[in-house]
Amino acid sequence: MTTPLNADLHCHSVVSDGTLTPEALAERARGNGVELWALTDHDEIGGLQRAREAAHAQGMKYLTGVEISITFLNQTVHIVGLGFDADNTTLRDGLRQTRGGRGARAMEMSDGLAKVGIHGAYEGALKFVGNPELISRTHFARFLVESGVCRETSEVFRKYLTEGKPGFVPHRWATLKDAVTWITAAGGMAIIAHPARYKFTPNEEYALFTEFKGYGGQGVEVVTGSHSVPEYQIYAETAKEFGLAASRGSDFHSPDESHTELGTLPALPSGLTPVWELLSSRIQ
Ligand code: AMP
Ligand code: MN
Ligand code: MN
Ligand code: MN
């Protein structure tokens, strides 16, 4: 049997809510044996040129990547795009539009936190932001840890930044149709990120996968840092049921916060088509 390709097709840099530069991520990925790598910052492709150069400097193969925030049935869902043309104007305009609401949302989050006695959170979060267009909940979480309100970022999310909590602001992101269309218009593949993370009923999840397929989506993350081992098997079956290719990615954000290291996840379960087989002509 041949050794499966070590592909890590999901991680974040300082261009969104990661703490490492694209160069440091590439070096870390290579150090862990990654052979094919993609940087997938949230709603932003501004780091991709550096990522490609860094991947090649490390001797890794490379795919363009992004993780787009969408709203589906009142929940935030993430759609990963891989292998697109990063100069495509439809995709670039769509991503700019998606980033657009983040500033006002962050100020509202700060107001909500002020009501429970946490002051200056907007300014505090900004200190952690690497890209002024991409202020995210993660940056607020880092500020609340730094200021001693919580011990770790997961505690901040649980107590302050998730639905019903003081710093949570409901937000309408792009639609599923838009995100899939932007990615495919740019020649890339749309992939449902970490499906086990959403809180859909079985019927709602079925609707997500059915509509996604209908718009031209082609892949699903099966082995990801956000899934448990039993969930690999569950979404391997979903991939087969819907005729989707399977992806693998750590979703690495930071050496201090991420439980899953770049390139260290198990291989995809057998019987699946890896997304990189369908994307072979897009690999750089
Ligand atoms: P945003 O796009 O501003 O809503 O921020 C979403 C990001 O917050 C995700 O991409 C994760 O990096 C992070 N995140 C979401 N939920 C949690 C959690 N429970 N613990 C730690 N980080 C989280
Ligand atoms: Mn993130
Ligand atoms: Mn995500
Ligand atoms: Mn991610």
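Residues numbered from 1 in each chain as written. Chains lettered and ligands numbered in written order. Predicted model: local features only at pLDDT ≥ 70, side-chain atom pairs only at ≥ 80, totals over all residues. Heavy atoms only, no water.

Trainee: Describe the coordination of the manganese ion (ligand 4), listing the residues and the values that go with them.
Mentor: Those protein atoms acting as donors to the manganese ion (ligand 4) are H10 (NE2), H12 (NE2), E67 (OE) and D251 (OD), and they sit at 2.1 to 2.2 Å. Read from N- to C-terminus, the donor residues coordinating the manganese ion (ligand 4) fall into the pattern H-x1-H-x54-E-x183-D. A separation of 4.6 Å is found between the manganese ion (ligand 4) and the manganese ion (ligand 2). Grouping residues by exposure puts H10 and H12 together as buried. (Donors = N, O, S within 2.8 Å, 3.2 Å for Na, K, Ca; no water. Buried < 20%, exposed > 50% of the residue type's maximum accessible area, 1.4 Å probe, protein only.)

Trainee: Any details on the pattern of salt bridges? Residues and values, ideally.
Mentor: Scanning the entire structure with this criterion turns up 11 salt bridges. Note that R99 and E44 form a salt bridge whose closest N and O atoms lie 3.4 Å from each other. Taken as a pair, R99 in helix α3 (residues 89-100) and E44 in the loop between β2 (36-37) and α2 (48-57) lie far apart in primary sequence, 55 residues in all. Of the two residues, R99 and E44, both sit in the buried class. For R197, the salt bridge is made with D251, and the minimal N-O distance between the two is 3.9 Å. You can see R197 sitting in the loop between β6 (189-192) and α9 (202-214) and its partner D251 sitting in the loop between β8 (245-249) and α11 (275-278), a full 54 residues away along the chain. Exposure remark for R197: the relative accessible area of 42% places this residue in the partly exposed category. Judged by relative accessible area, D251 falls into the buried class, the value being 10%. (Salt bridge = Lys/Arg side-chain N within 4 Å of Asp/Glu carboxyl O. Helix = DSSP H or I, 4+ residues; strand = E, 2+ residues; numbered from the N terminus.)

Trainee: Which residues make up the site of ligand 1, and what values go with them?
Mentor: Around ligand 1, the neighbouring residues are D17, H42, H78, R102, R105, S136, R137, T138, S154, F157 and H253. Within the side chain of R102, one N or O atom sits 3.0 Å away from an oxygen atom of ligand 1. One of the side-chain nitrogen or oxygen atoms of H253 is found 2.9 Å away from an oxygen atom of ligand 1. Look at ligand 1: alone it shows 500 Å² of surface, and the protein chains cover 77% of it. Its atoms largely coinciding with the cavity grid, ligand 1 occupies the largest pocket. When residues of the shell around ligand 1 are traced back to their parent elements, those giving at least two are α4 (102-114), α6 (137-146) and α7 (153-161). Of the residues in the shell around ligand 1, the class split is 1 nonpolar, 6 polar and 4 charged. (Near = heavy atom within 4 Å. Polar contact = N/O pair within 3.5 Å; in protein donor to acceptor, adjacent residues only side chain to side chain. Areas by Shrake-Rupley, 256 points an atom, 1.4 Å probe, with all protein chains shown as cover. 1 Å grid on protein atoms, 1.4 Å probe; cavity = no way out; pocket = protein on both sides within 12 Å on 5 of 7 lines; lining within 4 Å. Sits in = over half its atoms within 2 Å of the grid points. Nonpolar A, V, L, I, M, F, W, Y, C, P; charged D, E, K, R; others polar.)

Trainee: Can you lay out the environment of P202 for me, pointing to particular residues and giving the numbers?
Mentor: Its location among the elements puts P202 in helix α9. By relative accessible area, P202 is classed as exposed at 70%.

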